[in-house]
Amino acid sequence: VYLECQMFLRGGSVSNNPDQSSALYVFRSTGNFGASWNFPARPVAERNDVIGTGATLLDKPLMTVDNARGSQFQDRVYVTWTDFASDGSAYIFEAHSSDYGEHFSAPVVVSNDSALCGNTFGVPTPHGNCNENQYSQPFTGSDGALYVVWSNFNNVVTGSDNRNQILLAKSTDGGVSFGAP
């Protein structure tokens with residue numbers, strides 16, 4: 001059993017502690033169906049904001065595990081989330097573990113660049129034009145491919161139509177890289 005969770009502090013607006021740090025952690029349980037955990041939480045991603053600048057927030061994490069027998073990435077744990085950065089961008093990132101949640105890879109950008117993202121709202125694009133995203137949901141195929149679907153808000157708006165678009169990116173190398181959305 002795996003448990004992925006988000007931890008964050010609210011800062012000075014709601015407490016006397018200015019800390020606005022945020023992080024994503026994974027716990028693992030084996031042998032007793034989740035009744036106890038094998039180790040303390042393992043970090044997937046952490047952002048230190050002890051002085052409370054509000055510069056970034058790791059938010060809306062979801063997790064999946066490749067459970068396809070015979071997949072070259074069988075048992076790999078994947079976590080995706082939105083990184084709300086101080087520059088106003090909100091990219092989807094992914095990290096993965098190939099050792100049952102003991103260690104996680106460096107974060108990889110999922111929501112990179114696409115012709116579908118024609119409106120950047122004047123926000124910086126350090127990882128591509130798809131810079132306003134939320135609600136990622138990872139899942140794996142029977143062939144071991146990792147898919148991530150999410151809401152993107154960079155569509156070209158015409159008239160009063162201000163709907164978001166749903167994008168999908170695929171990784172065939174175990175979450176090391178992603179194709180264009």
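Given the structure is predicted, the values throughout are model-derived calculations rather than measurements.

Visitor: Explain the overall build of the chain here, please?
Guide: Along the chain, the regular secondary structure elements total zero helices and ten strands. Helices (α) and strands (β) of the chain occur, in sequence order from the N terminus, as β-β-β-β-β-β-β-β-β-β. Compactness check: the chain gives a C-alpha radius of gyration of 17 Å against a globular reference of 16 Å for 181 residues, within 12% of the reference. Within the chain, the fraction of its 181 residues that count as buried is 45%. Sequence-distant contacts, at least 24 apart, represent 48% of the contacts inside the chain between residues at least 6 apart. When the accessible area of the chain is evaluated, it comes to approximately 9,100 Å², of which 52% is carbon and sulfur surface.

Visitor: Is there a simple way to think about the side chain of glutamate 132 in this case?
Guide: Looking at where glutamate 132 falls in the secondary structure, it is placed in the loop between β7 (108-109) and β8 (133-140). Despite its burial, glutamate 132 remains without a salt bridge, the nearest opposite charge being carried by lysine 60 at 11 Å. If near-sequence neighbours (up to four positions away) are discounted, glutamate 132 is found in contact with Gly88, Ser89, Ala90, Phe121, Val123, Ser151, Asn152, Phe153 and Asn154.

Visitor: Help me understand the packing of aromatic side chains, please; the structure alone is not making it clear to me.
Guide: Aromatic rings considered in pairs are described by the distance between their centres and by the relative angle of their planes. Under the defined criterion, the tally for this structure stands at three aromatic pairs. Each ring, one from phenylalanine 139 and one from tyrosine 147, has its centre 5.3 Å from the other, and the planes form 15 degrees; the classification is stacked.

Visitor: When you look at the environment of glutamate 102 in this model, what are you seeing that I'm missing?
Guide: Relative to the elements of secondary structure, glutamate 102 occurs in the loop between β6 (90-97) and β7. The exposure class of glutamate 102 is partly exposed, given its relative accessible area of 25%. Spatially, the C-alpha atom of glutamate 102 lies 9.0 Å from that of phenylalanine 27, the residues being 75 residues apart in sequence. Of note is the side chain of glutamate 102, whose polar atom sits 3.1 Å from the side chain of arginine 42.

Visitor: What is the right way to read the pairing of β8 from this model?
Guide: Side-chain direction in a regular strand flips from residue to residue, so the side chains alternate between the two faces of the sheet. Where β8 and strand β9 (residues 146-152) come together, six bridges link them in antiparallel fashion. Pairing of threonine 140 across the sheet is with leucine 146, part of β9. In textbook terms, the turn of a hairpin is the stretch between consecutive antiparallel strands, and for β8 and β9 this stretch comprises five residues, one of which, glycine 144, has a positive phi near 90 degrees.

Visitor: Please explain unusual backbone geometry as it appears in this structure.
Guide: Not every positive phi belongs to a glycine, and lysine 60 is a case in point at roughly 55 degrees. Looking at the secondary structure, you find lysine 60 in strand β4 (residues 56-65). Taking the relative accessible area as the measure of exposure, lysine 60 reaches 25% and is therefore partly exposed. Of note in the backbone geometry, aspartate 75 takes a positive phi value of approximately 75 degrees without being a glycine. One can find aspartate 75 in the loop between β4 and β5 (77-85). Residue aspartate 75 is classed as partly exposed on the basis of its relative accessible area, which comes to 30%.

Visitor: How do you make sense of the environment of phenylalanine 39 when you look at a structure like this?
Guide: With respect to the element layout, phenylalanine 39 can be found in the loop between β2 (22-28) and β3 (42-47). Linking phenylalanine 39 and glycine 101, residues 62 residues apart in sequence, is a C-alpha distance of 9.8 Å.

Visitor: I'm lost on the sheet that holds strand β10 (residues 165-171) in this one. Help?
Guide: Within a beta sheet, neighbouring strands are joined by backbone hydrogen bonds and run either parallel or antiparallel to one another. Strand order in this open sheet of three strands is β8-β9-β10, and the pairing throughout is antiparallel. Lying at the two open borders of the sheet, with one neighbouring strand each, are β8 and β10. Strand-to-strand twist across the sheet, computed as the mean angle between neighbouring axes with direction ignored, equals 20 degrees. Summarising the sheet, β9 and β10 pair through seven bridges and their orientation is antiparallel. Residue tryptophan 150 lies in a different strand from β10, and its bridge partner there is leucine 167.

What counts as what
Residue indices begin from 1 for each chain and proceed along its sequence in written order. Local features in a predicted model are, by the rule used here, given only for residues with pLDDT of at least 70; side-chain atom pairs are given and counted only at 80 or more, and totals for whole chains, interfaces and linings are based on all residues. The side-chain figures draw on all heavy atoms in the structure; neither hydrogens nor water molecules are used. Helix and strand labels come from DSSP, where a helix needs a run of H or I of at least four residues and a strand needs a run of E of at least two; each type is numbered from the N terminus. Each radius of gyration reported is based on C-alpha atoms, and the globular scaling rule is 2.2 Å times the count of residues to the power 0.38. Partly exposed residues are those whose accessible area sits between 20% and 50% of the maximum for their type, while under 20% is buried and over 50% is exposed, using a 1.4 Å probe and protein chains only. Any pair of residues with heavy atoms lying within 4.5 Å of one another is described as a contacting pair. Using a 1.4 Å probe, the Shrake-Rupley method yields the accessible areas, and only the shown protein chains count as cover for residues. Charge assignment: positive for Lys and Arg, negative for Asp and Glu; neither His nor the chain ends contribute. Salt bridge, as applied in this entry: a Lys or Arg side-chain nitrogen positioned within 4 Å of an Asp or Glu carboxyl oxygen. Planes of paired rings set the category: under 30 degrees apart is stacked, over 60 is edge-to-face and the rest tilted, where pairs are Phe, Tyr or Trp rings (Trp by its six-membered ring) whose centres lie within 6.5 Å. Any pair of N or O atoms that falls within 3.5 Å is considered a polar contact. Within protein, one atom must be able to donate a hydrogen and the other to accept it, and sequence-neighbouring residues count only if both atoms are side-chain atoms. Strand pairing follows a simple DSSP-based rule, namely that at least 2 bridges must link the two strands. Each axis is a line fitted through C-alpha atoms, taken for helices only over the stretch in contact, and angles between the N-to-C directions span 0 to 180 degrees.

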